Amino acid sequence: MPVEIAVVGAGTMGAGIAQLALEHGHPVRLIDLDPAATARAGALIAERLTRRFSQQGLIGPELADRRAGTLERLVLGADPEEAADASIVIEAVIESLEVKQALFARLAAATSPDALLATNTSALSVRAIATAASRPERVLGLHFFNPAPVMALVEIVSGPLTDPAVAERGAALVTGWGRTPIRCADRPGFAVNRVNRPFTIQALRLLESGAADISTIDGAVRAAGFPMGPFELMDLVGIDVNLATATAVWEGFGRAARFSPSPIQAELEAAGRLGRKTGRGFYRYDPSGTNLGPAPGFDRAVPGGRTPPGPESIVARIRLAIVSEAYRALEEGVAADEATIDLALRLGAAHPEGPFAWAHSRGLSRVGAELDAPATAEPDAFSGA
Ligand code: NAD
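Given the structure is predicted, the values throughout are model-derived calculations rather than measurements.

(A) Structural detail: the site of the ligand. By nearness alone, 21 residues border the ligand, and Met 13, Asp 32, Glu 95, Lys 100 and Ser 122 come closest of all. Here an oxygen atom of the ligand and a backbone polar atom of Thr 12 are 3.0 Å apart. Here the ligand has 840 Å² of accessible area as a free molecule, and 78% of this is covered by the chains. Where the shell around the ligand is concerned, the elements lending two or more residues are helix 1 (12-23), helix 4 (97-110) and strand 6 (139-144). A class-by-class count of the residues in the shell around the ligand yields 9 nonpolar, 8 polar and 4 charged.

See below:
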């Protein structure tokens, strides 16, 4: 029988991770201080399992049996101490260092000394979380992507205190769940959320400067093979969620100017325009989720009197900033090599090709010259590919 898994935090990520563990035969404790959250997660998991089993061709009593047999292994709870018998605990509570530290202190006290304690934090320091736990060498980051039952990538984050054997166990666990693990150092945003930050930041800078409107930017990015444009992505993820990650990475890098979040996002958040979930963000959506086009204020570029950049120039600007960040991450040892970062961006952010592969195919000397050009800061500086 697979080992018992406890998932603490039954929101978007916790529900997805618990489902994944159930699908792979584990007994699962899903714990949240809010009973409404666990109840919602339980119902959601039941619904998703039904869909998944019917996609696998199960029908009628066979489907009902399989579903009941799977859900039998799910126990809902409210206190971290209920994780006591779990061999592996995965924390997915709100992105707050204070909350996570308090929780890890309790989890470390409640569980057996060799239980593995993982955090699903997007951008907080694994080391800072681990210091709150007794035996911090068993704490690591297991960073799943949303939706967890679908996304193939998991970043395995070792802090300076993490025992290498613990990282091995984490990687083996998620490999057994059909995921692809990549090893990351404990730097803000790890690999994907850090290297891909310019995807939205550069798009927002283009918008702020009046160089191009959201439909033009999204259309150019989609035409280059990305499944959606940066503004469509922010609306899907939630303006508030994207801003929180952007802010955490910016703070994590000492408020470096290149990561500074756009005031446009803060304005949208303050206005309650959070994207698809509120029916309005950069775009407007009808109740069925159909995109009705740019929201007022985003339907045209701010007139700036400059020649608007062409689609290839827009995409090049975004990709060059990503390449630049990828090189910095590599230099800092965030991941082992170019291939790992490329894989991370393809699996974790759905890039058609990784930044290094793109840079090599464009030509490193050309990319180097473009990155060095003082005009790189100008949205309309690129002549296109
Ligand atoms: P969420 O807001 O959907 O859920 C968080 C849950 O944690 C809530 O149900 C809340 O009641 C619960 N909670 C808060 N404090 C708690 C405590 N002390 N004990 C038990 N439960 C507690 O959040 P989410 O989007 O699922 O994110 C969870 C974590 O995963 C965050 O660290 C986030 O950065 C990270 N993450 C999120 C995504 C994403 O796309 N949403 C992707 C990867 C990682």
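(B) Region of the structure containing the environment of Val 8. Mapped onto the elements of the fold, Val 8 is located in strand 1 (residues 5-8). Residue classification places Val 8 among the buried residues on the basis of a relative accessible area of 4%. The spatial distance from the C-alpha of Val 8 to the C-alpha of Pro 311 is 44 Å, given a sequence separation of 303 residues. In this structure Val 8 touches Ile 31, Val 89, Ile 90, Glu 91, Ala 92, Val 93, Leu 103 and Leu 107, once residues within four positions along its chain are discounted.

(C) Quick look at helix 4. A rise of 1.5 Å per residue sets the reference length of helix 4, with its 14 residues, at 20 Å; its end C-alpha atoms lie 20 Å apart and thus fit the reference within 8%. Buried residues of helix 4: Lys 100, Leu 103, Phe 104, Leu 107 and Ala 108, and no others. Looking straight down helix 4, one finds its buried side chains confined to an arc of 135°; they lie on one side. Turned more than 90 degrees from where helix 4 packs its buried face, Glu 98 and Ala 109 sit exposed. Where helix 4 is buried, its residues meet strand 1, strand 4 (88-91), strand 5 (116-119), helix 5 (126-130) and strand 6.

Rules and cut-offs
- Residues numbered from 1 in each chain as written.
- Predicted model: local features only at pLDDT ≥ 70, side-chain atom pairs only at ≥ 80, totals over all residues.
- Heavy atoms only, no water.
- Near = heavy atom within 4 Å.
- Polar contact = N/O pair within 3.5 Å; in protein donor to acceptor, adjacent residues only side chain to side chain.
- Areas by Shrake-Rupley, 256 points an atom, 1.4 Å probe, with all protein chains shown as cover.
- Helix = DSSP H or I, 4+ residues; strand = E, 2+ residues; numbered from the N terminus.
- Nonpolar A, V, L, I, M, F, W, Y, C, P; charged D, E, K, R; others polar.
- Buried < 20%, exposed > 50% of the residue type's maximum accessible area, 1.4 Å probe, protein only.
- Contact = heavy atoms within 4.5 Å.
- Expected span 1.5 Å × (residues − 1).
- Arc of directions from axis to C-beta.

Honestly, it's all geometry; don't read function into it.
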